[in-house]
Amino acid sequence: MTLPQVCVCYLTRLSPEGNRQVLLGRKKKGLGVGNIVGLGGKLEIGESAVDAAVREIEEESGLVVAASALTELGYLTYLFPHRQKWSQESTVFVCTDWSGTPRESNELNPVWFDVATLPVDEMWDDARHWLPGVLDGVPVRATFTFGADLESVVSRA
C-alpha cells in the first residue's frame with residue numbers, strides 16, 4: 001500500500017537577541033488540529049516534495065521560499081494502525097533563507113519559538129524524538145507507530 005505523501009519545513013533564524021528560532025504554528029483545522037506544527041502539508045498530484053513545501057510555506061505563512069533554499073534533512077513514516085487513513089510519509093526540510101513577514105492563514109498562526117525551548121509537549125508526540133536533531137542539522141529517517149489514542153508513539157524504528 002502506498003501511503004499519502006506530505007512535507008514539512010522548519011524555517012529558522014537568529015532572533016535580535018541572538019537565539020536560534022524556528023517558525024511553528026498551532027494547527028487550526030484538519031489532521032492534528034490544536035497541535036503546534038511546522039509549515040507543510042499534502043503533495044498535490046504530480047508535485048514534488050520540494051515544490052509542495054514552497055507552495056505550503058506561502059499558503060500557510062505568506063513567506064516566499066526558493067526551492068533551492070530548502071535542505072532536505074529527513075524522511076518520516078507515520079503509521080496509525082487504529083486509523084489507517086492517517087498513515088503517511090513526510091519529507092522534512094529546513095530553510096534559513098526566505099522573504100516576507102509571517103502572517104496568519106486559515107491553517108495556522110506562525111510564531112517564532114526558541115529552538116532551545118521547543119514546545120514539544122504541544123506537538124505531535126514523535127517530534128521530541130527527532131526535531132531537535134534536525135534543527136541541529138542531523139538527518140533523520142524513522143518510522144513512528146501511534147497507539148489507539150491516536151496521539152502517543154508506541155514504537156519507533
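See above for the structure.
Residues numbered from 1 in each chain as written. Predicted model: local features only at pLDDT ≥ 70, side-chain atom pairs only at ≥ 80, totals over all residues. Heavy atoms only, no water.

A.B. asks: I would appreciate a short explanation of the environment of Asp 136 in the present structure.
C.D. replies: Mapping Asp 136 onto the fold places it in the loop between α2 (127–135) and β8 (140–146). Engagement of the side chain of Asp 136 in a polar contact is seen with the side chain of Arg 20, the distance being 3.0 Å. (Helix = DSSP H or I, 4+ residues; strand = E, 2+ residues; numbered from the N terminus. Polar contact = N/O pair within 3.5 Å; in protein donor to acceptor, adjacent residues only side chain to side chain.)

A.B. asks: I'm lost on the nonpolar core in this one. Help?
C.D. replies: One broad rule of soluble globular proteins: the nonpolar side chains tend to lie buried together. By size, the foremost hydrophobic cluster in this structure holds 26 residues, and its most contacted members are Tyr 10, Leu 76, Trp 130, Leu 131 and Phe 144. Contributions of two or more residues to this core are made by β1 (5–14), β2 (20–27), β5 (70–79), β6 (88–95), α2 and β8. With 5 residues, α2 is the largest single contributor of residues to this core. Not counting residues within four places of it along the chain, the set of residues in contact with Trp 130 comprises Tyr 10, Leu 76, Tyr 78, Val 92, Val 140 and Phe 144. In terms of nonpolar packing, the next biggest core, distinct from the first, is built from 18 residues, Cys 7, Leu 11, Leu 23 and Phe 93 among them. (Core = buried A, V, L, I, M, F, W, Y, C linked by side-chain atoms within 4.5 Å. Buried < 20%, exposed > 50% of the residue type's maximum accessible area, 1.4 Å probe, protein only. Contact = heavy atoms within 4.5 Å.)

A.B. asks: Teacher, can you tell me more about helix α1 (residues 49–61) here?
C.D. replies: Along an α-helix, a turn takes 3.6 residues, which lines up residues three or four apart on a common side. With 13 residues, α1 extends 18 Å between its outermost C-alpha atoms, agreeing within 8% with the 18 Å of an ideal straight helix rising 1.5 Å per residue. Buried within α1 are the following residues: Ala 49, Ala 52, Ala 53, Arg 55, Glu 56, Ile 57, Glu 60 and Ser 61. Count one or two residues on from α1 and you reach Gly 62, which has phi positive near 80°. (Expected span 1.5 Å × (residues − 1).)

A.B. asks: Would you explain the side chain of Ser 105 in this entry?
C.D. replies: For Ser 105, the position within the fold is in the loop between β6 and β7 (108–114). By relative accessible area, which is 8% here, Ser 105 ends up buried.

A.B. asks: Could you clarify how one ought to interpret the environment of Val 37 in this entry?
C.D. replies: Residue placement: Val 37 occurs in strand β3 (residues 36–37). Residue Val 37 is classed as buried on the basis of its relative accessible area, which comes to 13%. Spatially, the C-alpha atoms of Val 37 and Gln 5 are 17 Å apart, while their sequence positions differ by 32 residues. Val 37 has contacts with Leu 24, Gly 25, Lys 27, Leu 108 and Trp 124, leaving out every residue within four places of it along the chain.

A.B. asks: Any chance you could explain the side chain of Gln 21 here in plain terms?
C.D. replies: As for its placement among the helices and strands, Gln 21 is situated in strand β2. With sequence-adjacent residues up to four places away left out, Gln 21 is seen in contact with Leu 11, Thr 12, Arg 13, Ser 15, Trp 112, Phe 113, Asp 114 and Val 115.

A.B. asks: Sorry, what's going on with the layout of surface pockets here?
C.D. replies: A probe as big as a water molecule, rolled over the atoms, marks out the empty space that is left. Estimates place the volume of the largest pocket at around 780 Å³. Contributing to the lining of the largest pocket are 35 residues, with Val 6, Lys 27, Leu 31, Gly 41 and Gln 88 lying nearest its centre. Looking at the second largest pocket, its volume works out to about 240 Å³. Around the second largest pocket sit 14 residues that line it, and Asn 35, Met 123, Trp 124, Leu 150 and Glu 151 are the ones nearest its centre. A class-by-class count of the residues in the lining of the second largest pocket yields 7 nonpolar, 2 polar and 5 charged. (1 Å grid on protein atoms, 1.4 Å probe; cavity = no way out; pocket = protein on both sides within 12 Å on 5 of 7 lines; lining within 4 Å. Points joined across faces, edges and corners; volume = space filled by probe spheres on them. Nonpolar A, V, L, I, M, F, W, Y, C, P; charged D, E, K, R; others polar.)

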